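Residues per chain, in single letters:
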Amino acid sequence: MSEAPRLGVLARWAEVLPLTPETPRITLGEGDTPLVRSVAIERELGVDELWFKLESSNPTGSFKDRGMVVAVAKAMERGAQAVLCASTGNTSASAAAYAARCGLQASILVPRGRVAVGKLAQAVAFGARIVEVEGSFDDALVLARTVAETHPIALVNSVNPDRIEGQKTAAYEICESLGDAPDALAIPVGNAGNITAYWKGFTECAERDFATLHPRMLGFQAAGAAPIVGGEPVADPRTVATAIRIGNPASWQPAERARDESGGRIDAVTDEEILDAYGLLASAEGLFVEPASAASVAGLRKLSGQGTLRGGRVVAVLTGSGLKDPETAESHATPDVARAGATLEGVERALGL
Ligand code: AN7
């Protein structure tokens, strides 16, 4: 039996993307990620259905690939030979991968000492030029925007509308899988591009009669990096969820529009709540995600505890893989490890048999 090859985002969603005959149809097999029903947290929350969108199944292990494939293809169409981004890690891993694939130079600006090791390892493996900036992600993004304005290098941060176009395809996939939009979508918020992209996707799905509903958009920032919740930029954002350690999101206004137009909310979750959800996703659902991704589930648990989470069908976006950040995994769980000599007796004793 043969299986159809994965089409990738450009081929699968060509009709809803800004492609021309000249856009190169590049792919690393991104998109078409699993939508998996919860077996434990759904009951705890008391919602009718809880589904997880496993964006860690994308080729570089995060949702960024959906937008990056469009941004890199459009940059190539315009003649670019180099791409640039500022990143807390996942955007740079994705940019580096697609650049390697397409023979472009990738340069990435990362806040020094604040990027999970797996993400840096990816950038190294793909051969990106890595600039460790002595500052925050927000500083790095300002610098990247300025560099791209004055040099022939394509900016592939989510301020690039091609990124948003690509990322909106996840909303189309959810509507296709469920036969309609969900009642609510829970999503972590950092630079706020993804919540913007999902809302655009769900809005288009309703316009195209792919869906009858508009989901309430439930965005969650880390409490130490919650500028939208607090109503002002955070100069020194801090959180264990380094992916969303962002104090002045580029898509701030579009994220507020998504919240308000959908009747949703953007709330904050503490690092403790994030790590509790991170542990629960792994131990009770078998899903190893990175801390930022657990913010969506932490937020749902918070709303449920307050009695403000309505029932219905809820989708939580799990944005990136736990393998990206092994240091957090090792420091925040107690490993159940025993040593044994290489004997049957020793192993049986270690296993408690
Ligand atoms: C796993 O890689 O900003 O609100 O530079 O890596 O669209 O920013 C990553 C963000 C959620 C937040 N989950 O999405 C970057 C970067 C994970 C992430 C977010 C990010 P946005």
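1. Things to note about the site of the ligand
Close to the ligand lie 23 residues, the nearest being Asn90, Thr91, Asn191, Ala192 and Thr319. Serine 87 places a polar side-chain atom, nitrogen or oxygen, 3.0 Å from an oxygen atom of the ligand. Between the ligand and the protein, one listed contact pairs an oxygen atom with a side-chain N or O atom of asparagine 90 at 2.7 Å. Of the pockets mapped on this structure, the ligand occupies the largest cavity. Every element with two or more residues in the shell around the ligand is listed here: helix 4 (90–102), helix 9 (193–207) and helix 13 (291–306). Looking at the shell around the ligand residue by residue, the classes come out as nine nonpolar, twelve polar and two charged.

2. A closer look at the nonpolar core
Nonpolar side chains in soluble globular proteins generally cluster together in the buried interior. Core analysis: the largest hydrophobic core is formed by 57 residues, its most contacted members being Leu185, Ile195, Tyr198 and Phe202. With seven residues, the top contributor of residues to this core is helix 3 (residues 64–77). Contacts of tyrosine 198, omitting those with residues within four sequence positions, involve Lys53, Glu55, Ala170, Ala171, Ile174, Leu185, Ile187, Met217 and Val317.

3. What to know about empty space enclosed by the protein
A full pass over the atoms with the stated rule returns two cavities of 30 Å³ or more. Taken as a whole, the largest cavity holds about 290 Å³ of empty space. Forming the walls of the largest cavity are 25 residues, and the residues nearest its centre are Phe63, Lys64, Asn191, Ala243 and Ile244. Sorting the residues of the lining of the largest cavity by element identifies helix 4, helix 7 (161–167) and helix 9 as the ones contributing at least two each. Of the residues belonging to the lining of the largest cavity, the class tally is ten nonpolar, twelve polar and three charged. Taken as a whole, the second largest cavity encloses approximately 40 Å³ of empty space. Around the second largest cavity, the lining residues are Thr88, Pro111, Arg114, Ser136, Phe137, Thr242 and Arg245. Class assignment for the residues of the lining of the second largest cavity results in two nonpolar, three polar and two charged.

4. So, the sheet that holds strand 8 (residues 216–222)
Strand order in the open sheet formed by six strands is 1-2-10-7-8-9, with mixed pairing between adjacent strands. Pairing within the sheet leaves two strands with one partner each, and these edge strands are strand 1 (35–37) and strand 9 (265–269). Direction aside, neighbouring strands of the sheet carry axes that sit 25° apart on average. Here strand 7 (residues 184–188) runs beside strand 10 (residues 313–318); their pairing, made up of three bridges, is parallel. Each bridged residue has a counterpart across the sheet, and for alanine 184 the counterpart in strand 10 is valine 314.

5. Considerations on the environment of alanine 82
You can see alanine 82 is positioned in strand 3 (residues 82–86). You can call alanine 82 buried: its relative accessible area is 13%. If we skip the residues at most four places from it in the chain, alanine 82 touches Gln105, Ile153 and Ala154.

6. Looking at helix 5 (residues 117–125)
Those residues of helix 5 that fall on the buried side of the exposure criterion are Gly118, Lys119, Gln122 and Ala123. Along the long axis of helix 5, the arc covered by the buried residues comes to 145°, so they all point the same way. Within helix 5, the exposed residues directed more than 90 degrees away from the buried face are Val124 and Ala125. Turning to helix 5, the residues buried within the fold contact helix 4, strand 4 (105–111), strand 5 (129–133) and helix 14 (326–331).

7. Examining the packing of aromatic side chains
The description of an aromatic ring pair rests on the distance of the ring centres and on the angle between the ring planes. Evaluation of the coordinates by the stated rule reveals four aromatic pairs. Where tyrosine 172 meets phenylalanine 210, the ring centres are 5.9 Å apart and the plane angle is 75°; that geometry is what we call edge-to-face. Of this pair, tyrosine 172 sits in helix 8 (residues 169–178) while phenylalanine 210 sits in the loop between helix 9 and strand 8, and the two are 38 residues apart along the sequence. Of the residues examined, tyrosine 172 reaches a relative accessible area of 2% and is grouped as buried. Summarising the aromatic geometry, the rings of tyrosine 278 and phenylalanine 288 are spaced 6.4 Å apart at their centres and angled 50° between planes, so their arrangement reads as tilted. Highlighted residues: tyrosine 278 in helix 12 (residues 271–285) and phenylalanine 288 in the loop between helix 12 and helix 13, separated in sequence by ten residues. Given a relative accessible area of 7%, tyrosine 278 falls into the buried group. Residue phenylalanine 288 is classed as partly exposed on the basis of its relative accessible area of 38%. What links up through ring pairs into an aromatic cluster is the set Trp13, Tyr172 and Phe210.

Conventions we followed
Residues numbered from 1 in each chain as written. Predicted model: local features only at pLDDT ≥ 70, side-chain atom pairs only at ≥ 80, totals over all residues. Heavy atoms only, no water. Near = heavy atom within 4 Å. Polar contact = N/O pair within 3.5 Å; in protein donor to acceptor, adjacent residues only side chain to side chain. 1 Å grid on protein atoms, 1.4 Å probe; cavity = no way out; pocket = protein on both sides within 12 Å on 5 of 7 lines; lining within 4 Å. Sits in = over half its atoms within 2 Å of the grid points. Helix = DSSP H or I, 4+ residues; strand = E, 2+ residues; numbered from the N terminus. Nonpolar A, V, L, I, M, F, W, Y, C, P; charged D, E, K, R; others polar. Core = buried A, V, L, I, M, F, W, Y, C linked by side-chain atoms within 4.5 Å. Buried < 20%, exposed > 50% of the residue type's maximum accessible area, 1.4 Å probe, protein only. Contact = heavy atoms within 4.5 Å. Points joined across faces, edges and corners; volume = space filled by probe spheres on them. Pairing = 2+ DSSP bridges. Axes fitted to C-alpha atoms, helices over the stretch in contact; angles between N-to-C directions. Arc of directions from axis to C-beta. Phe/Tyr/Trp six-rings, centres within 6.5 Å; stacked < 30°, edge-to-face > 60°.

In short, the description is geometric, and any link to function would need to be established separately.
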